[in-house]
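# Structural overview for review
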Amino acid sequence: MKAKELEVQDKDYIGFIRNIELTTGINLADYKETQMKRRLTTLRLKHGYSTFSAFYEAMMKDRSLFHEFLDRMTINVSEFWRNPNRWEVLRDKILTELSGSGSTRLKIWSAACSTGEEPYTIAMILAEKKLLGMSSILATDIDEGALAKAKQGLYLDRSLKDVPKDIAAKYFTEEGPMYRFDERLKKEIRFEKQNLLTDRFDTAFDLIVCRNVMIYFTEEAKHKLYQKFAASLRPGGVLFVGSTEQIFNPAQYGLETSETFFYQKIQS
Ligand SMILES: C[S@@+](CC[C@H](N)C(=O)[O-])C[C@H]1O[C@@H](n2cnc3c(N)ncnc32)[C@H](O)[C@@H]1O
């Protein structure tokens, strides 16, 4: 491709980024550019727009196109007990230590919770450990559509594939081709819309679970986010990240590795 053509394309995409930030508060520049641009280009071409500026104008007139864009940029893929052996570590080690460390209430946050599988996994584990009554669970995501699905609590069997059989039988009921999550546990979770990159965080968390979203962010955005998470944990609190999201040099955030993919805030 010629240099001039590339420059025009860059300007078109940069203009699109600016417009999206003005209308939604989401800064696409915080996300890895190659991946994001590829996904959005595929969507734009699928709808027959030759430029991002034409695509943006169309989105502003067509709500369903706008929602399709949001869906494509957020990537809501999730499942219960994602990477099961990490959840076993959470259950058998991390939660045992946190609940034995003197906190009268466990303050837990599932950040970028998508359609609810992650906070509901937390709720089931807490219920099994008889810790649910002494815990609060906040679950947040940037995507209102995902949060609405989370609150609905209906799932296809494929997202339950890693749930231990006895637990699935206890907390899900079959509803046609779908599975409905237990209403009593559902009530224990507070869902809220939140942009991790721009909004303020609550503090004094015992446990923050933030998995499979950091991979989409630029190094700079990730760095700021780790700082914000560390500031939001109580000393001794734990950050649980996704299985491709190891933090290199956690000490720079005042964290130390407690188990693979678990980082504990250093107590002074
Ligand atoms: C791949 S899902 C991960 C879901 C779940 N944590 C898991 O590991 O299964 C990524 C989620 O991050 C959310 N997300 C993307 N950018 C975000 C942001 N800036 N703030 C909050 N959530 C964001 C998306 O809406 C999506 O639901």
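Quick caveat: nothing in here was measured; it's all calculated off a predicted structure. (Residues numbered from 1 in each chain as written. Predicted model: local features only at pLDDT ≥ 70, side-chain atom pairs only at ≥ 80, totals over all residues. Heavy atoms only, no water.)

### Regarding the packing of helix H5 (residues 84-99) against helix H6 (residues 117-128)
Angle between the axes and distance between the axes: these two values describe a pair of packed helices. As a reminder of what qualifies: Here an axis means a line fitted to C-alpha atoms, over the contact stretch when the element is a helix, while the angle between two N-to-C directions is reported on a 0 to 180 degree scale. In this description a helix means any DSSP run of H or I spanning at least four residues, a strand means any run of E spanning at least two, and both kinds are numbered starting from the N terminus. Put simply, angles under 35 degrees are roughly parallel, angles over 145 are roughly antiparallel, angles from 65 to 115 are roughly perpendicular, and the rest are oblique. Crossings are sorted by hand: turned counterclockwise from the far helix by less than a right angle, the near helix makes the crossing left-handed, and turned clockwise it makes it right-handed. Here, two residues are considered to be in contact whenever any of their heavy atoms come within 4.5 Å of each other. Residues are grouped as follows: nonpolar covers Ala, Val, Leu, Ile, Met, Phe, Trp, Tyr, Cys and Pro; charged covers Asp, Glu, Lys and Arg; every other residue, Gly included, is treated as polar.
Relative to each other, H5 and H6 sit at 45°, their axes nearing to 11 Å. Judged by the angle between their axes, H5 and H6 are oblique. Judged by the sense of rotation from one axis to the other, the crossing of H5 with H6 is right-handed. Contacts from Trp87, Arg91 and Leu95 of H5 reach H6 at Glu118, Thr121, Ile122, Ile125 and Leu126. Counted by class, the contact of H5 with H6 contains five nonpolar, one polar and two charged residues.

### Quick look at the state of the cysteines
This is how the line gets drawn: Pairs of cysteine sulfur atoms within 2.5 Å are what we label disulfides. Residue exposure (1.4 Å probe, protein chains only): buried if accessible area is under 20% of the type maximum, exposed if over 50%, otherwise partly exposed.
In this structure the tally under the stated criterion is zero disulfides. Here cysteine 113 stays free of any disulfide, with the sulfur of cysteine 210 as its closest cysteine sulfur at 10 Å. By relative accessible area, cysteine 113 is classed as buried at 1%. Given a relative accessible area of 0%, cysteine 210 falls into the buried group.

### Structural notes on the site of the ligand
Stated formally: For this description, a residue counts as near a given molecule or strand if any of its non-hydrogen atoms is within 4 Å of it. Side-chain atoms alone can form a polar contact between residues adjacent in sequence; in general such a contact is a pair of N or O atoms within 3.5 Å, and within protein one must be able to donate a hydrogen while the other accepts it.
Surrounding the ligand, one finds 21 residues, the nearest of these being Tyr31, Ser78, Arg82, Asp141 and Asn212. At a separation of 2.9 Å, a nitrogen atom of the ligand approaches a polar backbone atom of alanine 112. Partitioned by chemical class, the residues of the shell around the ligand number nine nonpolar, seven polar and five charged.

### Description of the sheet that holds strand S1 (residues 106-111)
Note the threshold: We treat two strands as partners when DSSP finds at least two bridges between them.
Strand order in the open sheet made by the seven strands is S6-S2-S1-S7-S8-S10-S9, with mixed pairing throughout. Every other strand in the sheet has two partners, leaving strand S6 (189-193) and strand S9 (255-259) as the edge strands with one partner each. The sheet shows a mean angle of 25° between the axes of neighbouring strands, taken without regard to direction. Two elements, strand S7 (residues 205-210) and strand S8 (residues 233-241), share five bridges in a ladder whose sense is parallel. Counterpart to cysteine 210 in the pairing with S8 is valine 241. Each of S1, strand S2 (135-141), S6 and S7 touches H6; the most contacted strand, S1, lies at about 155° to it.

### Quick notes on the packing of helix H1 (residues 3-24) against helix H3 (residues 52-61)
One can describe the packing of H1 onto H3 by two numbers: an axis separation of 8 Å at closest approach and a directional angle of 25°. Considering their axes alone, H1 and H3 lie roughly parallel with respect to each other. Of the residues in H3, those in contact with Asp12, Tyr13, Phe16, Asn19, Ile20 and Thr23 of H1 are Phe52, Ser53, Phe55, Tyr56, Met59 and Met60. Classifying every residue of the contact of H1 with H3 gives eight nonpolar, three polar and one charged.

### Overview of the sheet that holds strand S3 (residues 154-156)
One open sheet holds the three strands; their spatial order is S3-S5-S4, and the pairing between them is antiparallel. On the outer flanks of this sheet lie S3 and strand S4 (172-175), each paired with one strand and no other. For this sheet the average axis-to-axis angle between neighbouring strands, irrespective of direction, equals 35°. Note that S3 and strand S5 (residues 178-181) share three bridges and pair antiparallel. Looking across to S5, one finds that leucine 156 is bridged to methionine 178.

### Remarks on the environment of leucine 239
Relative to the helices and strands, leucine 239 resides in strand S8. Sequence separation between leucine 239 and lysine 93 is 146 residues; the distance between their C-alpha atoms is 14 Å. Residues within four places of leucine 239 in sequence aside, it is in contact with Ile208, Tyr226, Phe229, Leu233, Ile247, Leu255, Phe261, Phe262 and Tyr263.

### A few points about empty space enclosed by the protein
A water-sized probe rolled over the atoms picks out the places where empty space is left. Rule in force here: Method remark: on a 1 Å grid restricted to protein atoms, a set of points is classed as a cavity if a 1.4 Å probe fits but cannot get out and as a pocket if it is open with protein on both sides within 12 Å along at least five of seven lines; lining residues have an atom within 4 Å of a point. Grid points are joined across faces, edges and corners, and a volume is the space filled by probe spheres set on the points.
According to the stated counting rule, one finds one cavity of 30 Å³ or more in the structure shown. The calculated volume of the largest cavity comes to roughly 30 Å³. Here the lining of the largest cavity is built from residues that sort into two nonpolar, four polar and one charged.

### As for the side chain of lysine 37
Its place among the elements puts lysine 37 in helix H2 (residues 33-46). Not counting residues up to four positions away in its chain, the partners in contact with lysine 37 are Asp10 and Tyr13.

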